[in-house]
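Take a look at the letters that make up each chain.
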Amino acid sequence: MNTDSKLYASVFDSRDQESLGRFLAKVGRELYLYRFALRNFVFNTLRTRYRRSVLGFLWSLLNPFFSMMVMAVVFSVVFRLEFKNFSMYVFSGLIPWSYISACLIGGTQALINAEGFLKKVYVPKMIFPMMVVTVETVNLFFSVVSMSLLALLFGAPISWHIVLLPLAIVIAFLFNLGLVLIVSIVTIYFRDLTHILTVVLQALFYLVPIVYPLDVFPESTRRLFLLNPFYYFINLFRKTIYSQEAMVWQDWLIPLALAVVSLSIGIVILKAQDREVVYRL
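Residues numbered from 1 in each chain as written. Predicted model: local features only at pLDDT ≥ 70, side-chain atom pairs only at ≥ 80, totals over all residues. Heavy atoms only, no water.

**So, the packing of aromatic side chains**
So the rule is basically this: Here the aromatic set is Phe, Tyr and Trp, taking the six-membered ring for Trp, and pairing holds for ring centres within 6.5 Å; pairs whose planes are under 30 degrees apart are stacked, those over 60 apart are edge-to-face, and all others are tilted. Helix and strand assignments come from DSSP, with helices taken as H or I runs of at least 4 residues and strands as E runs of at least 2, each series counted from the N terminus. Only protein chains enter the calculation, and the probe is 1.4 Å; a residue is then buried if its accessible area is under 20% of its type maximum, exposed if over 50%, and partly exposed in between. Placement of a positive charge over a ring is assigned whenever Lys NZ or Arg CZ falls within 6 Å of the ring centre and within 35 degrees of the normal to the ring plane.
Using the criterion set out here, one finds 10 aromatic pairs in the structure. Consider the rings of F41 and F117, whose centres lie 5.1 Å apart with planes at 80°: the pair is edge-to-face. Residue F41 is found in helix α3 (residues 35-49), and its partner F117 is found in helix α6 (residues 115-118); the two are separated by 76 residues along the sequence. Judged by centre distance (6.2 Å) and plane angle (80°), the rings of F175 and F230 are edge-to-face. Placement of F175 in helix α8 (residues 165-189) and of F230 in helix α11 (residues 229-241) is noted, with a sequence separation of 55 residues between them. Given a relative accessible area of 4%, F175 falls into the buried group. Take F230: its relative accessible area is 10%, and that puts it in the buried class. Connected via pairs of aromatic rings, a cluster forms that spans W97, F175, F205, Y206, F230 and F233. The side chain of R35 reaches across the aromatic face of Y32, ending 4.0 Å from its centre.

Next comes the structure, spelled out in structure tokens:
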């Protein structure tokens with residue numbers, strides 16, 4: 001059986017809809033067959049973002065560099081903290097937050113923007129949410145590079161745990177992929193979600209300990225932050241990049257559990273709406 005016939009079977013085999021296991025196998029098979037399409041989608045998205053720009057991809061490095069610089073200066077003055085140390089505190093929280101929020105906002109349009117493809121040829125729907133998360137993961141890499149340059153420039157401390165940062169990124173990738181699957185499908189039925197989510201994330205930014213230390217709050221208030229699932233990813237990245245404290249298993253297990261739950265819900269929703277998405281676009 002050649003590749004085309006294998007692809008044909010993976011697309012039109014109705015048995016794939018009978019169980020979650022068959023559906024997962026179908027998704028995995030299609031992601032492998034369309035891996036080059038995913039790579040091209042990611043590359044073209046990144047290239048289009050900086051088309052006709054003089055500095056091109058260099059803006060991927062400069063944007064987070066200047067953003068983190070401004071925020072660190074402003075909030076170090078507000079809280080009257082040492083810039084060298086406080087800058088890394090801000091950067092280590094801002095990087096995962098920007099990653100999560102960018103994935104969510106971009107994810108709302110993942111399937112809507114792919115309408116032209118989905119209505120003309122068969123392309124696995126999982127490709128487009130994964131493309132959004134992959135593009136933002138590339139931007140995350142540039143943010144980490146920018147942070148490292150700033151740390152070297154100001155002599156700011158970096159934790160030796162940073163060698164574990166790739167593992168933290170993998171967990172965050174899975175968490176974001178689940179969220180993007182959810183919001184990309186929900187937005188098809190409720191187009192205002194993009195605007196609502198933008199406002200909600202702007203409000204949540206100040207409800208997560210990113211630009212202020214958590215110890216400025218009383219003990220009873222700090223417990224409220226534990227109800228926010230985003231807090232655990234901020235905490236994981238912060239301990240990996242900045243904190244000199246020893247990491248415990250909870251630092252990894254809670255984000256991993258959240259990632260599994262998020263991805264599981266996203267896949268279940270994708271399976272339930274797999275046949276309806278094209279007709280709702």
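So that's the structure; there's more coming.
**Looking at the side chain of N228**
As a reminder, the rule being used: Pairing of N or O atoms within 3.5 Å defines a polar contact, subject to two protein rules: one partner must be a possible hydrogen donor and the other a possible acceptor, and residues neighboring in sequence count only if both atoms are side-chain atoms. Residue contacts are counted whenever heavy atoms from the two residues lie within 4.5 Å of one another.
You can see N228 is positioned in the loop between α10 (219-225) and α11. On the basis of relative accessible area, N228 is assigned to the buried category, the value being 13%. Polar contacts involving the side chain of N228 include one to the main-chain amide nitrogen of F230, which spans 2.9 Å. Setting aside anything within four residues of it in sequence, one finds N228 in contact with L204, L207 and V208.

**Considerations on the confidence of the model for the protein chain**
Using the following cut-off: pLDDT is defined as a per-residue confidence score from the predictor, taking values between 0 and 100.
Mean pLDDT over the protein chain: 82, with 81% of residues reaching 70 or higher. Element-level mean pLDDT values for the protein chain span from 46 in helix α1 (residues 3-12) up to 95 in α8. Per-residue pLDDT stays below 50 along residues 1-12; that stretch engages in 13 contacts with residues further than four places along the chain or on separate chains.

**Overview of the packing of α8 against helix α12 (residues 249-273)**
Just so we agree on the cut-off: Between N-to-C directions, angles span 0 to 180 degrees; the directions come from axes that are lines fitted to C-alpha atoms, helices contributing only their stretch in contact. An angle counts as roughly parallel when it lies under 35 degrees, as roughly antiparallel when it exceeds 145, as roughly perpendicular when it falls between 65 and 115, and as oblique in every other case. Here a crossing is taken to be left-handed if its near helix is turned anticlockwise relative to the far helix by less than a right angle, and right-handed if that turn runs clockwise.
Interaxial distance between α8 and α12 falls to 8 Å at its minimum, and their mutual angle equals 30°. Compared by their axis directions, α8 and α12 come out roughly parallel. Our pair here, α8 against α12, has a crossing hand that is left-handed.

**A closer look at the nonpolar core**
Cut-off, in case you're wondering: In these notes, a set of buried Ala, Val, Leu, Ile, Met, Phe, Trp, Tyr and Cys residues joined through side-chain atoms within 4.5 Å is what counts as a nonpolar core.
With 75 residues, the main nonpolar core has W97, L104, F128, I210 and F230 as its most contacted residues. Elements with a minimum of two residues in this core: α2 (20-33), α3, α5 (83-108), α7 (127-154), α8, α9 (193-205), α11 and α12. In terms of residues, this core owes the most to one element, α8, which gives 14 residues. In contact with L104, other than residues within four places in its own chain, are L179, V183, L197, L201 and F230.

**What to know about α3**
The condition that has to hold: In this scheme, a helix's expected span is set at 1.5 Å multiplied by one less than its residue total. In this description, one arc is meant: the one made by directions from the helix axis to the C-beta atoms.
Counted at 1.5 Å a residue, the expected span for α3 with its 15 residues is 21 Å, and the 21 Å between its end C-alpha atoms agrees. Among all positions in α3, only L38, F41, V42 and L46 are buried. Buried residues of α3, seen end-on, are gathered within an arc of 125° and therefore sit on one face of the element.

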